[in-house]
Amino acid sequence: MTGDVRTTCPYCGVGCGVIISPGPDDAVTVTGDPDHPANFGRLCSKGAALGETLVHDGRLMVPKMAGRRVSWAKAVKTLGDKLTRTIAKHGPDSVAFYVSGQLLNEDYYVANKLMKGFIGSANIDTNSRLCMASSVAGHIRAFGADTVPGCYEDFDTADLVLLIGSNTAWCHPVLFQRLREAQRRRGTKVVVIDPRRTDTCATADLHIALKPGTDTALFNGLLTYLEKNGKRDAAFVAAHTRDVDEALARARKNAPDIAAVAGICDVDKESVARLYAWFAEHERVVCAYSQGVNQSHRGTDKVNAIINCHLLTGRIGREGMGPFSLTGQPNAMGGREVGGLANTLAAHMGFDDGARDRVGRFWNAPALAAKPGLKAVDLFDAVHDGRIKALWIMGTNPAVSLPDATKVRAALEKCPFVAVSDCIEQTDTTRYADLLLPAATWGERDGTVTNSERRISRQRPFVAPAGTARPDWKIICDVAAAMGFGDAFAYAASAEIFAEHAHLSAFENDGVRDFDIGALRGAVDRAHYDRMEPTQWPAGAKTPRGRKRLFADGRFYTDDGRAHFVAVSLSPPDLIDTTMSFPLLLNTGRVRDQWHTMSRTGLSPRLGRHTAEPYLDIHPEDAENYGLRNGSWTRAMSPSGGVTVRVRFSSAMRRGEVFVPIHWNDAVASDAVVGRLIAPRRDPFSGQPASKTQPVTLLPWKPAWRGFFISRRRRDPRDVEYWCRIRVPGCYVYEVADQVCPTDWASFCASYFTGMSGETITFEDPKKGRYRSALIEDGRLQGCFAAAVDGALPSFDWLAEVFAEETVNEKTRKHILAGRRPGDAADRGPVVCSCFGVALNTLLGAIRGQGLTSVRDVGRVLKAGTNCGVCQSEIAALLDGVRGEEDVSKGKVNAA
Ligand SMILES: Nc1nc2c(c(=O)[nH]1)N[C@H]1C(S)=C(S)[C@@H](COP(=O)(O)OP(=O)(O)OC[C@H]3O[C@@H](n4cnc5c(=O)[nH]c(N)nc54)[C@H](O)[C@@H]3O)O[C@H]1N2
Ligand SMILES: Nc1nc2c(c(=O)[nH]1)N[C@H]1C(S)=C(S)[C@@H](COP(=O)(O)OP(=O)(O)OC[C@H]3O[C@@H](n4cnc5c(=O)[nH]c(N)nc54)[C@H](O)[C@@H]3O)O[C@H]1N2
Ligand code: SF4
Ligand SMILES: [Mo]
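Rules behind the numbers
- Residues numbered from 1 in each chain as written.
- Chains lettered and ligands numbered in written order.
- Predicted model: local features only at pLDDT ≥ 70, side-chain atom pairs only at ≥ 80, totals over all residues.
- Heavy atoms only, no water.
- UniProt positions renumbered as here; feature names shortened; annotations may be inferred.
- Helix = DSSP H or I, 4+ residues; strand = E, 2+ residues; numbered from the N terminus.
- Pairing = 2+ DSSP bridges.
- Axes fitted to C-alpha atoms, helices over the stretch in contact; angles between N-to-C directions.
- Near = heavy atom within 4 Å.
- 1 Å grid on protein atoms, 1.4 Å probe; cavity = no way out; pocket = protein on both sides within 12 Å on 5 of 7 lines; lining within 4 Å.
- Sits in = over half its atoms within 2 Å of the grid points.
- Nonpolar A, V, L, I, M, F, W, Y, C, P; charged D, E, K, R; others polar.
- Points joined across faces, edges and corners; volume = space filled by probe spheres on them.
- Buried < 20%, exposed > 50% of the residue type's maximum accessible area, 1.4 Å probe, protein only.
- Phe/Tyr/Trp six-rings, centres within 6.5 Å; stacked < 30°, edge-to-face > 60°.
- Polar contact = N/O pair within 3.5 Å; in protein donor to acceptor, adjacent residues only side chain to side chain.
- Areas by Shrake-Rupley, 256 points an atom, 1.4 Å probe, with all protein chains shown as cover.
- Domains from an automatic or database assignment.
- pLDDT = per-residue confidence, 0-100.
- Contact = heavy atoms within 4.5 Å.
- Buried area = accessible area lost by both parts, 1.4 Å probe.
- Salt bridge = Lys/Arg side-chain N within 4 Å of Asp/Glu carboxyl O.
- Core = buried A, V, L, I, M, F, W, Y, C linked by side-chain atoms within 4.5 Å.

Undergrad: Could you give an account of the UniProt feature "domain: 4Fe-4S Mo/W bis-MGD-type" (unreviewed entry) in the protein, naming the residues involved and the relevant values?
TA: Under the local residue numbering, the UniProt record ascribes the feature "domain: 4Fe-4S Mo/W bis-MGD-type" (unreviewed entry) to residues 2-58. Strand forms 26% of residues 2-58 and helix 7%; the C-alpha atoms that close the span are 27 Å apart.

So, in structure tokens, the structure goes:
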């Protein structure tokens, strides 16, 4: 590359602008784009580490059939023929696409057009079903369209922000920083509503640790309270809404007063009272919500319970207020716009006759789908029972991320033909593919994404695709041509697809549909597309440069133009009940420095150090009942499956609830696919699975020995029951454990060193059951193995650093088997600040030793937290912890 390239981060829905600049030796530097309105130059730890992920490790470089390389021509023809023949024999509904919020608008648009307009089925659904479907359904019920009314600026100017079921500090870090800035600048109050005390709570004014699933009661109670306390905006409600009485009647019955709500939600009355009083007091309120709301078997009702409160108070569409759904993936929003969900047609139109006729004419479609298609879980059920016979998966890893993952795998196994487009060769899903298509990925692809605030930004390429990889839109159009639809898919570039998408949004619109980006149609001209600045839709004839907010005029997209209150309730069967056999409630979600199934973040050594192993968080008092110790292992089980993970004690958990992150999968760990545990229970309106409330039980899993293995090359163990891989600079670390001890450690270890050469140094203490060995060649450490039956192991941190060093000197060599840095007694612990590699024990040492008292002090002394800032909440919590220890030692704290 020659000059700077402005593009967009490929991770979360904040949609930050990044600038890629050429660096020395073909490297690039990644910085935040100061002019991008989503981030104004900021990046979080994941964004800042993007440069490290531009390696070709594990990339799928060429198309493959049954594991063998084939030409693109053959791959495209095979897939085209397969689809055509299956459709001819079994009808259009016998084929399906399962796509992703990680595709660009252009990819998504052509995939949707091919399925719904040319194949004649609507069996195309997306992983956004697992993510945003309840928000979509809630928006449509209330507003008549899937509209996010507000924008990020509202977080800057609100007086009160509720973060509901959102771990914003970790999942939308740059937006969270923006909110923290507002807290500092104007004293914005922040309330977190989440069963767990997450990092997001560290700087909140109030945390409501409600019983999972009870949000509807909390917001129904709020609605009742607001009405009782004269907070209804009578003029707005009368002129612009309907069904307020039904909603209020239901809310009153269900959540009559604060005491009742506190009981249902299992929180103290004072917290509920404070939340309600603050909401009543502050005109400028933003309710931002994410997966704790959406991923529920009553997620759509939760969304409407929240929206109802904004409608009653008329707090919508104006500066600093409104309900705000935080989108997860970089293009979760765009997928909704093109029509990637099975129950929408295209450009925010449904399957009514008018829309079908309009879209059919626009596409000149030979076979427009007549009715909605199958939603994700149903779609995979149809694969399982043989109704769907050919499936094309693009940019998602359903073998990991769908509920009932074991059944999903069985479905993939049974399906007569599975094609997968991915950029990574070995994922849990690609192993079921009959045909693998190498997709170009971030940095290589060219198109647009839409973020949480409806802002469409460009992703621009700056490197050539790896191997023979091609952009998804191109692959889809080639397959369409092979099916005989070449004329309708003859785009020379993604710009032409975008222009068509923009044109369709404006086609016979006249302001009746919210999604209108007609003003961007000029993008058909390449130069125009290249220059396109981040734009918030609607960007039609009236507001060609985009619009920040909608609904200030009180006009909605329902048939009667009014917003609809929705009467929602939370009756006892809606509460999630555990049983005698499965007495704990499993909650699932994300960690700070990993992204989904780790195919990209897993490549970054920096990011691997924040949370190295899959784990289960549990309250220490619960753990006791299950015979679990901190750092021991557990087998967590539900009726549909299990995982084996490490136990972490956490007082941030409510009693009776446990948490397991979603990221680990068979490509990085022996048995940590949390989707295997989740029952496919889903919301009746949105079809979104309830991924956050699964009854489970726990058993201790007791290995006879544990250890680790470090190697320069990847070599996933096959002969141990437990393993997980951690990427660190220059090498791979494997944590391993097994229930059976090898009879001979030396030969067991030798099997790990197979194929490597060098001099072996060994230490063995048979009495204590400890064994350590290292392989050194030409002064370089090649492999390292340590095992112990009593768990007494050195930390691998320093050893991993030795791998990064060029040569091992005499002094170091002596310490290798001890696993300890010369002259160093302490283990540094996990990395807290990824940007500067500052580890936990270094932080604690400095805080205690130098008496540091603020995040700023820590930053001054260690630099930690001074770049992207996402670790600031963790540092604040450490400071609190140390302060607590001091208070205890000074006798300031009485036993609680
Ligand atoms: N680091 C990182 N960031 C990401 C991602 C990632 O993989 N890694 N993924 C992106 C994507 S696709 C998404 S969808 C977003 C998700 O972003 P978030 O929704 O913020 O993330 P989660 O961790 O899934 O869940 C949020 C919280 O919901 C809480 N919760 C569970 N049950 C309930 C309940 O009944 N009520 C309430 N009020 N809360 C509940 C959980 O305890 C959890 O802390 O993150 C995006 N950002
Ligand atoms: N239990 C539980 N399950 C969950 C969730 C939860 O909270 N709990 N969250 C759900 C949510 S919100 C989400 S969004 C999903 C995410 O789940 P998935 O979508 O399954 O996760 P990813 O790892 O993001 O999968 C993306 C795949 O696309 C590939 N890829 C990346 N870029 C490209 C590209 O340009 N083209 C193509 N063709 N491929 C590409 C990557 O290599 C990767 O294999 O998980 C859902 N599942
Ligand atoms: S907040 Fe972080 S992950 Fe999300 S878009 Fe911005 S830099 Fe990327
Ligand atoms: Mo998501």
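From this point on, the discussion continues.
Undergrad: Can you tell me about the sheet that holds strand β1 (residues 5-8), naming the residues and giving the values?
TA: Strand order in the open sheet made by the 3 strands is β1-β2-β3, with antiparallel pairing throughout. Here the strands that pair on one side only, and so sit at the sheet edges, are β1 and β3 (28-32). Averaged over all neighbouring strand pairs, the angle between strand axes comes to 30 degrees, with direction disregarded. Taken together, the 5 bridges between strand β2 (residues 17-22) and β3 define a ladder with antiparallel strand orientation. From the neighbouring strand, I19 faces β3, where its bridge partner is T31.

Undergrad: Can you lay out the sheet that holds strand β26 (residues 694-701) for me, pointing to particular residues and giving the numbers?
TA: Taken together, 6 strands build a closed barrel; the order of strands is β21-β25-β22-β24-β23-β26 and the barrel is mixed. Within this sheet the neighbouring strands show an average axis-to-axis angle of 45 degrees, counted without direction.

Undergrad: Provide a residue-level description of the site of ligand 3, including the pertinent values.
TA: As a structural note, the neighbourhood of ligand 3 is formed by C9, Y11, C12, G15, C16, L43, C44, K46, G47, P173 and V174. Judged by its atoms lying within 2 Å of the grid points, ligand 3 is housed in the second largest cavity. Listed by contribution, the elements that provide at least two residues to the shell around ligand 3 are α1 (45-48) and α7 (173-186). Looking at the shell around ligand 3 residue by residue, the class counts come to 8 nonpolar, 2 polar and 1 charged.

Undergrad: Explain empty space enclosed by the protein to me, using residue names and the numbers behind them.
TA: Applying the stated criterion across every chain, the model contains 5 cavities of 30 Å³ or more. What the largest cavity holds in volume is close to 550 Å³. As for the largest cavity, its lining consists of 41 residues, of which G165, Q291, G292, R590 and K692 are closest to the centre. Those elements giving two or more residues to the lining of the largest cavity turn out to be α6 (168-171), α13 (291-294) and β21 (584-589).

Undergrad: So what's going on with unusual backbone geometry? Residues and values would help.
TA: Here the amide bond leading from W537 into P538 is cis, since omega sits at 0 degrees, within 30 degrees of zero. Relative to the assigned elements, P538 resides in the loop between β19 (535-536) and β20 (563-564). Phi is positive for D243, close to 70 degrees, though the residue is something other than glycine. Take D243: it is sitting in the loop between β11 (241-242) and α10 (244-254). In this structure D243 comes out as partly exposed when scored by relative accessible area, which is 26%.

Undergrad: Run through the packing of aromatic side chains, naming residues and quoting values.
TA: Throughout the structure, instances matching the rule amount to 35 aromatic pairs. When the centroid spacing of 5.3 Å and the interplanar angle of 90 degrees are considered together, the rings of F155 and F324 count as edge-to-face. Remark: F324 occurs in strand β13 (residues 322-325) and F155 occurs in helix α5 (residues 153-157); sequence separation between them is 169 residues. Put simply, the rings of W705, F709, W723, Y734, W745, F748, Y752, F753, Y771 and F785 pair up and form one aromatic cluster.

Undergrad: Describe the pairing of strand β18 (residues 455-459), listing the residues and the values that go with them.
TA: Of all 5 residues in β18, 5 are buried, a share of seventy percent or more. Burial along β18 is two-sided: R455, S457 and Q459 and I456 and R458, pointing in opposite directions, are all buried. Judged from the 4 bridges that link them, strand β17 (residues 447-450) and β18 form a sheet pairing that is antiparallel. By the bridge assignment for β18, V449 is matched with S457. In terms of strand pairing, β18 meets β19 through 2 bridges, oriented antiparallel. The residue of β19 that forms the bridge with R455 is Q536.

Undergrad: I'd like to hear about the site of ligand 2, residue by residue, with values.
TA: Around ligand 2, 31 residues are found, and the nearest of them are Q102, S401, D422, R445 and T597. A distance of 2.9 Å separates an oxygen atom of ligand 2 from a polar atom in the side chain of T396. Backbone polar atom of S421 to a nitrogen atom of ligand 2: 3.0 Å apart, as the coordinates give it. Against a free-state accessible area of 920 Å², the protein chains account for coverage of 97% of ligand 2. Of the residues that constitute the shell around ligand 2, the class distribution is 10 nonpolar, 16 polar and 5 charged. Two domains each provide a minimum of three residues to the shell around ligand 2, namely domain 2 (64-131 + 331-508 + 515-536) and domain 4 (582-701).

Undergrad: Before we move on, can you summarise the confidence of the model for the protein with the specific residues and values?
TA: For the protein, the average pLDDT comes to 92, and 97% of its residues sit at 70 or higher. Low confidence marks residues 891-896, where pLDDT is under 50. Its contacts with residues over four positions away, or in another chain, come to 3 contacts.

Undergrad: Describe the domain arrangement of the protein, and please don't skip the residues or the numbers.
TA: Domain boundaries in the protein define domain 1 (5-53), domain 2 (64-131 + 331-508 + 515-536), domain 3 (133-326), domain 4 (582-701), domain 5 (705-816) and domain 6 (831-895). Just the C-alpha atoms count here: the centres of domain 2 and domain 4 sit 31 Å apart. The three residues of domain 2 that bury the most area against domain 4 are V400, P403 and D404, which together make up 24% of that side's buried surface. The interface formed by domain 2 and domain 4 contains 3 salt bridges. The residue R431 makes a salt bridge to D666 at a minimum N-O spacing of 3.9 Å. At the level of secondary structure, the elements contributing two or more residues to the side of domain 2 that touches domain 4 comprise α17 (376-384), α18 (398-401) and α19 (405-414). The class makeup of the residues in the side of domain 2 that touches domain 4 is 10 nonpolar, 5 polar and 8 charged.

Undergrad: Break down the nonpolar core for me, citing the residues and quoting the values.
TA: One finds F97, L114, W363, W392 and F489 to be the most contacted residues of the largest nonpolar core, which totals 66 residues. Those residues in contact with F489 that sit more than four places away from it in its chain are V110, K113, L114, F118, C477 and A480.

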